[in-house]
Amino acid sequence: MKVSKLLVGLFACAASLGAYAQQPIVIKFSHVVAGDTPKGKAAEFFAKKASELTQGKVKVEVYANSTLYKDKEEMEALQLGAVQMLAPSLAKFGPLGVREFEVFDLPYIFDNYDALHKVTNGPAGKQLLAKLEPKGISGLVFWDNGFKSFSANTPIKTPEDLKGKKMRIQSSKVLEEEIRALKALPQVMAFSEVYQALQTGVVDGTENPISNLYTQKMHEVQKHLTLTDHGYLGYAVIVNKKFWDGLPGDIRKQLDEAMVQSTRYANQIAKVENDNALEAVKKSGKTEVYTPTAAERAAFKKVLVPVHKKMESRVGKQTIDAVYQATGFNPNAL
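Everything quoted here is computed from the prediction, not taken from an experiment. (Residues numbered from 1 in each chain as written. Predicted model: local features only at pLDDT ≥ 70, side-chain atom pairs only at ≥ 80, totals over all residues. Heavy atoms only, no water.)

Draft legend 1. Up close: the nonpolar core. Ranked by size, the top nonpolar core spans 50 residues in total, and within it Phe93, Phe101, Val103, Phe104, Phe110, Leu132 and Ile238 carry the most contacts. No other element matches the five residues that strand β4 (residues 137–152) contributes to this core. If near-sequence neighbours (up to four positions away) are discounted, Val103 is found in contact with Ile109, Leu128, Val315, Thr319, Ile320 and Val323. If you look at the next biggest cluster of nonpolar residues, it comprises 43 residues, including Val33, Trp143, Val194 and Met218. (Core = buried A, V, L, I, M, F, W, Y, C linked by side-chain atoms within 4.5 Å. Buried < 20%, exposed > 50% of the residue type's maximum accessible area, 1.4 Å probe, protein only. Helix = DSSP H or I, 4+ residues; strand = E, 2+ residues; numbered from the N terminus. Contact = heavy atoms within 4.5 Å.)

Listed below in structure tokens is the structure:
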């Protein structure tokens, strides 16, 4: 009888352990933008692919729109292991101490997506991601969002039109210098707070890819949008290094493949989403959209490109030159 009870107990214990072993690995993926933005859609795509390729062994829980952590909180949460995955905008790494990432904030350093991808998909991009490891972070890939444009409640046709305006920016010394070069006033503010700040006049304007402007309804409180395409906003998908390194090799390989597919998807939809958002902004009738002439665009470049030289001591001349070399950009040919 005792032997029988012992066997029953052992079988129950084994069944319990088996059930425990079958529990999926949970990856909490937090981000601060809406679910219907390029990043939001790419995060959901990754969650789906991770489940498919690992045959349910991994469950990615996506928390959009700052529902879990805000801008300033999420990086610390990742380092502490409270979340496993983020896709912060590239401006977030300067305050973390990896200032080389602020090269992406330099105005007009990328003429188009082709030039950009020579960096993000090439050796220069890999070298940048590797600089995160001492912070307990593994950098996986870059995801596009789009090129930024200026908005305000007054027309913007020349750099002088932004003089004295309070412009919301992310926390970035490069972006602060960019706004000062326009003789405007930089206002660092969390993304989730921008709509109300624009609505109440705490800030006069902002810079955003159009998909962010539209999905956060900022166009409802901004009368003018000028398609300057003066800067790039992208993301780095990052993970807690200890967590990532601790995953079984086969699982990590499957997740790497899911990320490759998700990056392809993210970069394909980024431009489409921004184009669609631009059409939606125009149709709303709430914001007047202006496309600068070649001469007007050149005037913005003339004012903003000198920021590159001013930021050499912060970003690193070697990093800036590596981008110039990859893209063929010549700051002197304006």
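Draft legend 2. Region of the structure containing the packing of helix α5 (residues 113–120) against helix α15 (residues 317–327). The N-to-C vectors of α5 and α15 enclose an angle of 125°; their axes lie 9 Å apart at closest approach. In terms of axis orientation, α5 runs oblique to α15. For the crossing formed where α5 meets α15, the hand is right-handed. Mapping the contact onto sequence places Ala115, Lys118 and Val119 in α5 and Val323, Ala326 and Thr327 in α15. Within the contact of α5 with α15, the residues separate by chemical class into four nonpolar, one polar and one charged. (Axes fitted to C-alpha atoms, helices over the stretch in contact; angles between N-to-C directions. Parallel < 35°, antiparallel > 145°, perpendicular 65-115°, else oblique. Left-handed = near helix turned anticlockwise from the far one by under 90°. Nonpolar A, V, L, I, M, F, W, Y, C, P; charged D, E, K, R; others polar.)

Draft legend 3. Spotlight on the pattern of salt bridges. Taken as a whole, this structure holds 16 salt bridges when the rule is applied. Between Glu176 and Arg180 there is a salt bridge, with its nearest N and O atoms 3.5 Å apart. Here Glu176 pairs with Arg180, and both are found in helix α7 (residues 173–181), just four residues apart, close to one helical turn. Among the salt bridges present, the one from Lys310 reaches Glu177, with a minimum N-O distance of 3.6 Å. Separated by 133 residues along the polypeptide, Lys310 in helix α13 (residues 306–310) and Glu177 in helix α7 bring together distant segments of the chain. What makes Lys310 exposed here is its relative accessible area of 52%. Classification of Glu177 by relative accessible area gives buried; the value is 17%. If you follow the salt bridges from partner to partner, you end up with Lys173, Glu176 and Arg180 in one network. (Salt bridge = Lys/Arg side-chain N within 4 Å of Asp/Glu carboxyl O.)

Draft legend 4. Main features of helix α6 (residues 123–130). Those residues of α6 that fall on the buried side of the exposure criterion are Ala124, Gly125, Leu128 and Leu129. With its buried residues spanning 135° around the axis, α6 presents them on a single face. Turned more than 90 degrees away from the buried face of α6, the exposed residues are Pro123, Lys126 and Gln127. (Arc of directions from axis to C-beta.)

Draft legend 5. Seen up close, the confidence of the model for the protein. Mean pLDDT for the protein: 92, with 94% of residues reaching 70 or above. With pLDDT under 50 throughout, residues 1–20 is counted as low confidence; its partners more than four residues away or in other chains account for zero contacts. (pLDDT = per-residue confidence, 0-100.)

Draft legend 6. Representation of the environment of Gly201 in the model. When you line up the elements, Gly201 lands in the loop between α8 (194–200) and β7 (205–208). On the basis of relative accessibility, which here comes to 34%, the residue Gly201 falls in the partly exposed class. Residues Gly201 and Asn153 lie 48 residues apart in sequence; the distance between their C-alpha atoms is 9.7 Å.

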